[in-house]
Amino acid sequence: MANRAAIELATALGVGAISVLGVIEAAGYRGASSYMPLAVTGFAAALSAVWATQSALALSRGTGVRVTLDRGLLLRFAIIVAAVIGYVLAVTYVGFFTATLIMVPGLSFLIGYRNLPVALITSAGFCVVLYGVFRLLLSIPLPPETLLQALGL
């Protein structure tokens, strides 16, 4: 049995640290390209601070609920965290679209969603819409992409 407030405090601090690293990274972007990442990561850092404060207060008051940690759920959580880290690395090396087309259906299947055709169609549709918006509508050049290079785009 573990104290839920303690788990939430540790998680909030971890998410807050990652958000602050995101703010630092986004601050290095030039011009208007920094606005959205700075806003999102700054908002995430602020929400993490509120969450950590609430959890710390609950912990100090002794009002944290005791929870039983299920090994299966912890394993599923670890798989999701590893998949997200792998996804971030894959975006760096093979590109956003290729990584998304592999990760979204794969992660969906790992967490129990068994309708693979729907997961594949949804992630492909999402990638097509993003490509259309950035490349065709906004005329923003996209970074090198393994899949797009293979298709000659």
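Provided above is the structure to which this section pertains.
Residues numbered from 1 in each chain as written. Predicted model: local features only at pLDDT ≥ 70, side-chain atom pairs only at ≥ 80, totals over all residues. Heavy atoms only, no water.

**Student:** Explain the packing of aromatic side chains here, please?
**Tutor:** The geometry of an aromatic ring pair is captured by two quantities: the separation of the ring centres and the angle between the planes. Counting across every chain of the model gives three aromatic pairs. With 6.2 Å between their ring centres and 70° between their planes, Phe-97 and Tyr-131 make a pair best called edge-to-face. Taken together, the residues Phe-97 in helix H4 (residues 96-110) and Tyr-131 in helix H5 (residues 116-137) connect sequence positions 34 residues apart. Taken individually, Phe-97 and Tyr-131 each receive the classification buried, so the pair is uniform in this respect. An aromatic cluster is defined as three or more aromatic residues linked by ring pairs; in this entry it consists of Phe-96, Phe-97, Phe-126 and Tyr-131. The lysine or arginine in question, Arg-114, covers the ring of Phe-109, its NZ or CZ lying 4.2 Å from the ring centre. (Phe/Tyr/Trp six-rings, centres within 6.5 Å; stacked < 30°, edge-to-face > 60°. Helix = DSSP H or I, 4+ residues; strand = E, 2+ residues; numbered from the N terminus. Buried < 20%, exposed > 50% of the residue type's maximum accessible area, 1.4 Å probe, protein only. Lys NZ or Arg CZ within 6 Å of the ring centre and 35° of its normal.)

**Student:** Can you walk me through a nonpolar patch on the surface in this structure?
**Tutor:** Together, Val-129, Val-133, Phe-134, Leu-137, Leu-138 and Ile-140 line one region of the surface with nonpolar side chains, adding up to about 520 Å² of accessible area. A residue is classified by how much of its surface remains accessible, and Val-129, at 53% relative accessible area, is exposed. (Patch = residues over 30% accessible without salt bridge, like charges linked within 9 Å, V, L, I, M, F, W, Y side chains within 5 Å. Areas by Shrake-Rupley, 256 points an atom, 1.4 Å probe, with all protein chains shown as cover. Salt bridge = Lys/Arg side-chain N within 4 Å of Asp/Glu carboxyl O.)

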